[in-house]
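# Structural features, examined
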Amino acid sequence: MKEDAFFAMIFCLLRQHMYGEEEDQDVSREVGLDLSQPQSLDLDNVNKNNTEYSTKLQMKLEQVQQENTRLVKLLQETQSKLDQTQAQLSSLQQSSSPSLPNNQKPQQQQQPSTSHKGTWKMDSDSIEFLQLDEILKENLRSEKKKRLMEVQTQMKFILDSDDVHDSFGEWDCCGQTDYYAHGCSG
C-alpha cells in the first residue's frame, strides 16, 4: 500500500469513527483503495520513501548552505567596494573644496595625512584673522562665500572639460538640469 493511500484510509476511518459517517467512496476511489478489503502497510515502501525524502532534504540543505556561502562572500566583496568608494569620495571632497584655503581647517578637526617632525607655523595673515572678534570673522566668512558664488556664477560659461557631462543644460524630455539625473523613461 502506498503511503498516501494509507493516510487517506486513516482519514476515512477517523471520519467514520468521529462523525459516524459512512465510508466515503469518493475518497477511497480517488486514492485507489478498496476499503471493503483489509489493507496492509508496505513498510519497505514507506522506508524507501522516507530515505528518498531525507536524501532530497539533505541535498536541498547543501544547496542552501552553498548559496548562503556565496551570498556571504558577495556581501563581503560589496562591503569592501563600498568602503573603497567612500574613501575615494571622502578624498575627492577634501581635495575639491574650493571655499577653504590650504591652511584653514574645515569644521571637523582633521590630522595631517602624513606625520611631520616639526610643528605647523601659521602665516601672519592667519594669525591676524584668528585674533579678530567672532562676529567679524563670521561676517568675513559669509562675505567670502558670497563673493566666491558671484565669481562662480560669472565664470559659469568656462567648462571644466570638453566632456558633455561637464556642460550646463537640461534634458528636453523631463527638464532635469543635471546630466546624471535619474532618467524619466524606465
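On to the overall build of the protein chain. Regarding its fold elements, the protein chain presents five helices and zero strands. Reading the secondary structure of the protein chain in the N-to-C direction produces α-α-α-α-α. When each of the 186 residues of the protein chain is scored for burial, the buried share is 6%. When the accessible surface of the protein chain is totalled, it reaches about 16,900 Å², and 53% of it is carbon and sulfur.

In total, this model carries five salt bridges according to the counting rule given. Residue Glu-134 pairs with Lys-137 through a salt bridge whose shortest N-O separation is 2.9 Å. Placement of the pair is Glu-134 and Lys-137 together in helix H5 (residues 134–154), with a separation of three residues, close to one helical turn. Judged by its relative accessible area of 6%, Lys-137 falls in the buried class. Here Glu-138 makes a salt bridge to Arg-141, at a shortest N to O gap of 3.0 Å. Taken together, the residues Glu-138 and Arg-141, both in helix H5 and three residues apart, mark about one turn of the helix. Residue Glu-138 is classed as partly exposed on the basis of its relative accessible area, which comes to 45%.

Here we take up a nonpolar patch on the surface. A surface patch of nonpolar side chains, about 430 Å² in accessible area, is lined by Trp-120, Met-122, Ile-127 and Leu-130. Assignment of secondary structure puts Ile-127 in helix H4 (residues 124–130). A residue is classified by how much of its surface remains accessible, and Ile-127, at 38% relative accessible area, is partly exposed.

Right, let's get into the packing of aromatic side chains. Using the criterion set out here, one finds two aromatic pairs in the structure. The interplanar angle of 90 degrees and the centroid separation of 5.3 Å between the aromatic rings of Tyr-179 and Tyr-180 together place this pair among those described as edge-to-face. A relative accessible area of 35% means that Tyr-179 is categorised as partly exposed. Judged by its relative accessible area of 58%, Tyr-180 falls in the exposed class.

Turning to the confidence of the model for the protein chain, a few remarks are in order. Detailed reading of the predicted coordinates is not advisable wherever pLDDT is low. Scored by pLDDT, the protein chain has a mean of 77; 70% of the residues are at 70 or more. Of all secondary-structure elements in the protein chain, the lowest mean pLDDT belongs to helix H2 (residues 25–30), at 52, while H5 reaches the highest, 93. Predicted confidence is poor over residues 99–107, with pLDDT under 50, and the contacts of this stretch with residues over four places away or in other chains come to 10 contacts.

By secondary structure assignment, the location of Leu-140 is in helix H5. Among the residues examined, Leu-140 registers a relative accessible area of 41% and is labelled partly exposed. Expressed as a C-alpha distance, the spacing of Leu-140 and Phe-129, which sit 11 residues apart in the sequence, is 9.6 Å. Once you skip the residues sitting within four places of it in the chain, Leu-140 turns out to touch Phe-129 and Leu-132.

Basis of the calculations
Residues numbered from 1 in each chain as written. Predicted model: local features only at pLDDT ≥ 70, side-chain atom pairs only at ≥ 80, totals over all residues. Heavy atoms only, no water. Helix = DSSP H or I, 4+ residues; strand = E, 2+ residues; numbered from the N terminus. Buried < 20%, exposed > 50% of the residue type's maximum accessible area, 1.4 Å probe, protein only. Areas by Shrake-Rupley, 256 points an atom, 1.4 Å probe, with all protein chains shown as cover. Salt bridge = Lys/Arg side-chain N within 4 Å of Asp/Glu carboxyl O. Patch = residues over 30% accessible without salt bridge, like charges linked within 9 Å, V, L, I, M, F, W, Y side chains within 5 Å. Phe/Tyr/Trp six-rings, centres within 6.5 Å; stacked < 30°, edge-to-face > 60°. pLDDT = per-residue confidence, 0-100. Contact = heavy atoms within 4.5 Å.

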